[in-house]
Amino acid sequence: MARKNLNVTLKISELLYEIRNKTWLTGQSRQNGQNFEEVANMQNNEDEEHVNQVLRSLGNAFATLKVRLSEYIDTTQTTANDIQITGNTDLTVSLVLPSNYNQATADAIALAMHQYLVNTAIAEWFTITNKTDAADYFTLAGANITQIREAVSKRVRPTRIVPSA
């Protein structure tokens, strides 16, 4: 049976930027003039310990994402490790989809994967620094998985081939 391949590359630099931006914006929105330390702690930055924690969270989220999409993952992987991803690494997923997969959803898949990783990493970050908002980001990550599953399940309608006379 013919298949369609879809390679999705997620840029760590883009993921890190969005995580930092969203945690900064969340911190700014929670500032009440008296909670400066709390606000500062919830804002992820480029300090080594912050980067390490977020990269570990991204690696965990990426592994979970691959489990959720395992029926579509093209892999001949025979080894595994728990080495933390680095800021210089891009994350790539190669999906093998049915021949009638609707390729119009490719960008939606990539964007939902990006958002899943971002929302999961922020949820884990906020579990440490801002428990009030952590559950919201876990909920968003769950919605992202639903979006991904919906997009990979889209199919193109069959067309009738009329024989020429």
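Rules used in this analysis
- Residues numbered from 1 in each chain as written.
- Predicted model: local features only at pLDDT ≥ 70, side-chain atom pairs only at ≥ 80, totals over all residues.
- Heavy atoms only, no water.
- Core = buried A, V, L, I, M, F, W, Y, C linked by side-chain atoms within 4.5 Å.
- Buried < 20%, exposed > 50% of the residue type's maximum accessible area, 1.4 Å probe, protein only.
- Helix = DSSP H or I, 4+ residues; strand = E, 2+ residues; numbered from the N terminus.
- Contact = heavy atoms within 4.5 Å.
- Salt bridge = Lys/Arg side-chain N within 4 Å of Asp/Glu carboxyl O.
- Axes fitted to C-alpha atoms, helices over the stretch in contact; angles between N-to-C directions.
- Parallel < 35°, antiparallel > 145°, perpendicular 65-115°, else oblique.
- Left-handed = near helix turned anticlockwise from the far one by under 90°.
- Nonpolar A, V, L, I, M, F, W, Y, C, P; charged D, E, K, R; others polar.
- Expected span 1.5 Å × (residues − 1).
- Arc of directions from axis to C-beta.

Looking at the nonpolar core
Line of reasoning, step 1. In terms of nonpolar packing, the biggest core is built from 42 residues, with Leu58, Leu95, Ile109, Met113 and Leu117 touching the most fellow members.
Line of reasoning, step 2. Elements with a contribution of two residues or more to this core: strand 1 (3–11), helix 1 (12–30), helix 3 (48–68), strand 2 (90–98), helix 4 (106–129) and helix 5 (131–152).
Line of reasoning, step 3. If one sorts the elements of this core by residue count, helix 4 sits on top with twelve residues.
Line of reasoning, step 4. The contact partners of Ile109, leaving out residues within four places of it in the chain, are Leu6, Val8, Leu95, Tyr101, Ile148, Ala151 and Val152.

Digging into the environment of Ala110
Line of reasoning, step 1. Of note, Ala110 is situated in helix 4.
Line of reasoning, step 2. Sequence spacing of Ala110 and Ala135 is 25 residues, and the spatial spacing of their C-alpha atoms is 23 Å.

Considerations on the pattern of salt bridges
Pairing is possible between side chains that carry opposite charge, provided their charged atoms lie close to one another.
Line of reasoning, step 1. Counting across every chain of the model gives six salt bridges.
Line of reasoning, step 2. Glu150 is the salt-bridge partner of Lys154, the closest N and O atoms lying 3.6 Å from each other.
Line of reasoning, step 3. Classification of Lys154 by relative accessible area gives partly exposed; the value is 36%.
Line of reasoning, step 4. We classify Glu150 as partly exposed; its relative accessible area is 47%.

Focus: the packing of helix 4 against helix 5
Line of reasoning, step 1. Put simply, helix 4 and helix 5 touch, their axes get as near as 8 Å, and they point 160° apart. Relative to helix 5, the element helix 4 is oriented roughly antiparallel. Read as a crossing pair, helix 4 and helix 5 show a hand that is left-handed.
Line of reasoning, step 2. Here the residues of the contact of helix 4 with helix 5 are counted per class, giving 16 nonpolar, seven polar and three charged.

Structural notes on helix 3
Note that an α-helix has 3.6 residues per turn; residues three or four places apart therefore point the same way.
Line of reasoning, step 1. With 21 residues, helix 3 should cover 30 Å at 1.5 Å per step; its first-to-last C-alpha distance of 30 Å lies within 8% of that length.
Line of reasoning, step 2. Among the residues making up helix 3, those that are buried are His50, Val51, Val54, Leu55, Ser57, Leu58, Ala61, Phe62 and Leu65. For helix 3, the angular spread of buried residues about the axis comes to 165°, placing them on one side. Exposed residues on helix 3 whose side chains face more than 90 degrees from its buried face are Glu48, Glu49 and Val67.
Line of reasoning, step 3. Where the residues of helix 3 are buried, they touch helix 1, strand 2, helix 4 and helix 5.

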